[in-house]
Amino acid sequence: MFRSKLALAHPVAWLYFITLCLTAVAALVGTFDWLRLRPARSRFGIEPRPAHRFVALNLVLVVGALGVHGLSVRMGGPGTNGGVFPELMSPFILRSFGAFNLSLAIGTIPLIAARSVDVMLNHAFATYGLVLFITAAIFVKINLFDFANKPRQLTHIGAYFLVGIAVLYAFRVGGTGIRREQTGV
């Protein structure tokens, strides 16, 4: 729909584009592998507590709502006028953010029923790079933000910092979800 608007001159655009391509390939390979192997659902490691499932459910709801909003909001609507993001949002950017957030939410749905904390931690570890890259991109473009006149822009940066700190804490407490007996470490 917006193919003519795709501008890969910016490193952040490449980050999103490569992530989209790798995710599509991983989904195809994973689906084929699952159909071929039909793995049994076995329990291993620590069983998730209700708090773990609560975090996964809230991530699905909040990030999913952002995704639906980005895919459906009209120009001039909430989040499109430079109040949260430092620039006016084009329909292409809005739909891209919407699709990206909705895909993250959909990918997290299985974690609500996960049988192991290791699975949750490994998913968080695999997606943590996105948080780091997006936070780095924010700092590259920090001069575009106007916190004095548009304090809601702090929510954009604040959200990434809160998620980043929470996930780092989870890694510190529980590790990355990679089981040591399998890796030989």
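As a reminder, the structure under discussion sits directly above these lines.
First, a word on scope: everything that follows refers to the structure included in this document. Everything numeric in this text was worked out from a predicted model, so none of it was measured. (Residues numbered from 1 in each chain as written. Predicted model: local features only at pLDDT ≥ 70, side-chain atom pairs only at ≥ 80, totals over all residues. Heavy atoms only, no water.)

1. A few points about the overall build of the protein
Part 1 of the argument: A count of helical and extended segments in the protein gives 6 helices and 0 strands.
Part 2 of the argument: When the helices and strands of the protein are read in sequence order from the N terminus, they spell out α-α-α-α-α-α.
Part 3 of the argument: Referenced to the eigenvectors of the C-alpha coordinate spread, the extents of the protein come out at roughly 50 × 35 × 30 Å.
Part 4 of the argument: Taken across its 185 residues, the protein has 26% of its residues classed as buried.
Part 5 of the argument: At a minimum sequence separation of 6, the contacts of the protein that also span at least 24 residues come to 73%.
Part 6 of the argument: Summing over all exposed atoms, the protein offers an accessible surface of approximately 12700 Å²; the carbon and sulfur share of this is 71%. (Helix = DSSP H or I, 4+ residues; strand = E, 2+ residues; numbered from the N terminus. Buried < 20%, exposed > 50% of the residue type's maximum accessible area, 1.4 Å probe, protein only. Contact = heavy atoms within 4.5 Å. Areas by Shrake-Rupley, 256 points an atom, 1.4 Å probe, with all protein chains shown as cover.)

2. Examining helix α4 (residues 117–140)
Part 1 of the argument: Helix length check: α4 (24 residues) gives 34 Å between terminal C-alpha atoms against 34 Å at 1.5 Å per residue, within 8%.
Part 2 of the argument: Inspection of α4 places Val 117, Asp 118, Met 120, Leu 121, Tyr 128, Leu 130, Val 131, Ile 134, Thr 135, Ala 137 and Ile 138 among the buried residues, and these make up the whole buried set.
Part 3 of the argument: The elements touched by buried residues of α4 are α1 (11–37), α2 (50–72), α3 (91–108) and α5 (153–174).
Part 4 of the argument: At the N-terminal end of α4, a side-chain oxygen is found 3.0 Å from the backbone nitrogen of Asp 118, two or three residues along, and the residue is Ser 116. (Expected span 1.5 Å × (residues − 1). Polar contact = N/O pair within 3.5 Å; in protein donor to acceptor, adjacent residues only side chain to side chain.)

3. Observations concerning the side chain of Asn 101
Part 1 of the argument: By the secondary structure assignment, Asn 101 is in helix α3.
Part 2 of the argument: With residues near it in sequence (within four places) discarded, Asn 101 still touches Val 63, Leu 66 and Gly 67.

4. Overview of the packing of aromatic side chains
Part 1 of the argument: Enumeration over the complete set of coordinates arrives at 5 aromatic pairs.
Part 2 of the argument: Measuring from centroid to centroid gives 5.9 Å for Trp 14 and Phe 17, while their planes differ by 85 degrees, and the two rings are edge-to-face. With a gap of 3 residues between them, Trp 14 and Phe 17 both fall in helix α1, about one helical turn apart.
Part 3 of the argument: You can call Trp 14 partly exposed: its relative accessible area is 39%.
Part 4 of the argument: Note on Phe 125 and Phe 171: the rings are 5.7 Å apart at their centroids and 75 degrees apart in plane angle, and the pair reads as edge-to-face. One end of the pair, Phe 125, is in helix α4; the other, Phe 171, is in helix α5, with 46 residues separating them in the sequence. (Phe/Tyr/Trp six-rings, centres within 6.5 Å; stacked < 30°, edge-to-face > 60°.)

5. Re the pattern of salt bridges
Part 1 of the argument: Scanning the entire structure with this criterion turns up 2 salt bridges.
Part 2 of the argument: Arg 36 is paired through a salt bridge with Asp 33; the nearest N and O atoms lie 2.6 Å apart. On the criterion of helical spacing, the pair formed by Arg 36 and Asp 33 is a turn pair, its members being 3 residues apart in helix α1.
Part 3 of the argument: When the shortest N-O distance is used, the salt bridge between Arg 53 and Glu 47 registers 3.5 Å.
Part 4 of the argument: Using a relative accessible area of 23% as the deciding quantity, one classes Arg 53 as partly exposed.
Part 5 of the argument: Judged by its relative accessible area of 38%, Glu 47 falls in the partly exposed class. (Salt bridge = Lys/Arg side-chain N within 4 Å of Asp/Glu carboxyl O.)

6. Side note on the side chain of Thr 108
Part 1 of the argument: Tracing the backbone through its elements, the reader meets Thr 108 in helix α3.
Part 2 of the argument: In contact with Thr 108, not counting residues within four places along its chain, are Ala 56, Leu 59, Val 60 and His 123.

7. Focus on the packing of α4 against α5
Part 1 of the argument: It is the contact of α4 with α5, at a shortest axis distance of 10 Å, that shows an interaxial angle of 145 degrees. The handedness of the crossing between α4 and α5 comes out as left-handed. Seen from α4, the contacting residues are Leu 121, Ala 124, Phe 125, Tyr 128, Val 131, Ile 134, Thr 135, Ile 138 and Phe 139; seen from α5, they are His 156, Ile 157, Tyr 160, Phe 161, Val 163, Gly 164, Val 167, Leu 168, Ala 170, Phe 171 and Gly 174.
Part 2 of the argument: Tallied by class, the residues present in the contact of α4 with α5 amount to 16 nonpolar, 4 polar and no charged. (Axes fitted to C-alpha atoms, helices over the stretch in contact; angles between N-to-C directions. Left-handed = near helix turned anticlockwise from the far one by under 90°. Nonpolar A, V, L, I, M, F, W, Y, C, P; charged D, E, K, R; others polar.)

By themselves, these figures tell us nothing about what the structure is for.
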